[in-house]
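# Report on the structure
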Amino acid sequence: MFRVGEKAVYPAHGVGEILAIEKREIMGKHMEVYVMRILDREMTILIPICKSDEVGLRRVMGHDEVDAVFQVLRQRRRVSDSQTWNRRFREYSDKIRTGSAVEIAHVLRDLYLLRSGKNLSYGEKRMLNTAMELLSQEIAVAWGQKASQAQAQILSAFGDVVHGEA
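Anyway, here's the lowdown on the structure attached to this text. (Residues numbered from 1 in each chain as written. Predicted model: local features only at pLDDT ≥ 70, side-chain atom pairs only at ≥ 80, totals over all residues. Heavy atoms only, no water.)

## Observations concerning the pattern of salt bridges
So the rule is basically this: For this analysis, a salt bridge means a side-chain nitrogen from Lys or Arg found within 4 Å of a carboxyl oxygen belonging to Asp or Glu. Think of it in three bands: residues with accessible area under 20% of the maximum for their type are buried, residues over 50% are exposed, and the middle band is partly exposed, with areas taken using a 1.4 Å probe on protein chains only.
Enumeration over the complete set of coordinates arrives at 9 salt bridges. When the shortest N-O distance is used, the salt bridge between Glu22 and Arg24 registers 2.6 Å. By relative accessible area, which is 28% here, Glu22 ends up partly exposed. Close ionic contact of Glu54 with Lys51 constitutes a salt bridge, the shortest N to O distance being 3.8 Å. Since its relative accessible area comes to 63%, Glu54 is described here as exposed. On the basis of relative accessibility, which here comes to 37%, the residue Lys51 falls in the partly exposed class.

This is the structure:
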């Protein structure tokens, strides 16, 4: 259970703050919901408390989990570009929807490495940006810093990767 004022991660939307816990009528049923504002966006969502595990609402990662994310980002494995871009896109979309920071790190790493050898499709570029935004936001909250600082640290994990497009 989360408390008012606590930060949590909602899959595919990122870190938010629990603004309130309210009783609401939803589809004819009375239930308690978290009122959550997604940070850095003009978005407020309602999450039924009884469904919070099911939708993947979780606590912001701790320092050990941040370390695991950076281990993934530093790995240099050959990314197969023999798959069609839309199949890769679906696979990466599924990973992002899990809300797992480690899975999102896999997506970011793979797309960043793939970008060093070829041009990404428009959808892949957007997904790369989404993965960067989600990870940098959560790392910033976990470490008590600005998202721009976390993004710079993420990019430093790719310091040895050369790519041709911005």
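## Some thoughts on a nonpolar patch on the surface
The test is simple: Exposure above 30% relative accessible area and no salt bridge define the residues that can form patches, which grow by joining like charges within 9 Å and nonpolar side chains of Val, Leu, Ile, Met, Phe, Trp and Tyr within 5 Å. Reported accessibility uses the Shrake-Rupley method at a 1.4 Å probe radius. Residues are deemed covered only where the shown protein chains occlude them. Secondary structure follows DSSP: runs of H or I at least 4 residues long count as helices, runs of E at least 2 residues long count as strands, and numbering of each begins at the N terminus.
There is a patch of nonpolar side chains on the surface, built from Met1, Val4 and Ile21 and spanning about 290 Å² of accessible area. Examined against the element boundaries, Met1 turns out to sit in the segment before strand S1 (7-10).

## Some thoughts on the packing of aromatic side chains
Formally: Stacked, edge-to-face and tilted are the three classes for Phe, Tyr and Trp ring pairs, Trp counted by its six-membered ring, which pair at centre distances within 6.5 Å; planes under 30 degrees apart are stacked, over 60 edge-to-face, the rest tilted. Lysine and arginine charges are scored as sitting over a ring when NZ or CZ, respectively, is within 6 Å of the ring centre and within 35 degrees of the ring normal.
All chains considered together, the criterion is met by 3 aromatic pairs. Relative to Tyr34, the ring of Phe2 has its centre 5.7 Å away and its plane inclined at 80°; by these criteria the two rings are edge-to-face. Residue Phe2 is located in the segment before S1, and its partner Tyr34 is located in strand S3 (residues 29-38); the two are separated by 32 residues in the primary sequence. Against the face of Tyr112 rests Arg115, its NZ or CZ located 4.6 Å from the ring centre.

## Here we look at the pairing of S1
Note the cut-off: Here, a strand pair is defined by DSSP locating no fewer than two bridges between the strands.
As paired elements, S1 and strand S2 (residues 14-26) share 4 bridges and run antiparallel to each other. Bridged to Val9 within S2 is Val15. The antiparallel pairing of S1 with S2 creates a hairpin that spans 3 residues between the two strands, and Ala12 there sits at a positive phi of about 70°. Of the strand pairs in this sheet, S1 and strand S5 (residues 58-59) are connected by 2 bridges, and their pairing is antiparallel. Bridging across to S5, Val9 finds its partner in Arg58.

## Quick word on helix H5 (residues 122-143)
Heads up, the condition is: In a helix, the anticipated span is given by 1.5 Å times the number of residues less one.
The end-to-end C-alpha separation of H5 is 31 Å, in line with the 32 Å expected for 22 residues at 1.5 Å each. Count one or two residues on from H5 and you reach Gly144, which has phi positive near 65°.

## Remarks on the side chain of Ser136
We count it as follows: Working rule for contacts: check all heavy atoms of both residues, and any pair within 4.5 Å makes them a contact.
Here Ser136 is to be found in helix H5. The residues touching Ser136, leaving out its near neighbours within four places in the chain, are Ala147, Ala150, Gln151 and Ile154.

## Things to note about the environment of Leu111
Structurally, the position occupied by Leu111 is in helix H4 (residues 101-115). A residue is classified by how much of its surface remains accessible, and Leu111, at 0% relative accessible area, is buried. As a C-alpha pair, Leu111 and Leu128 span 17 residues in sequence and 6.2 Å in three-dimensional space. Setting aside anything within four residues of it in sequence, one finds Leu111 in contact with Tyr92, Leu120, Glu124, Met127 and Leu128.

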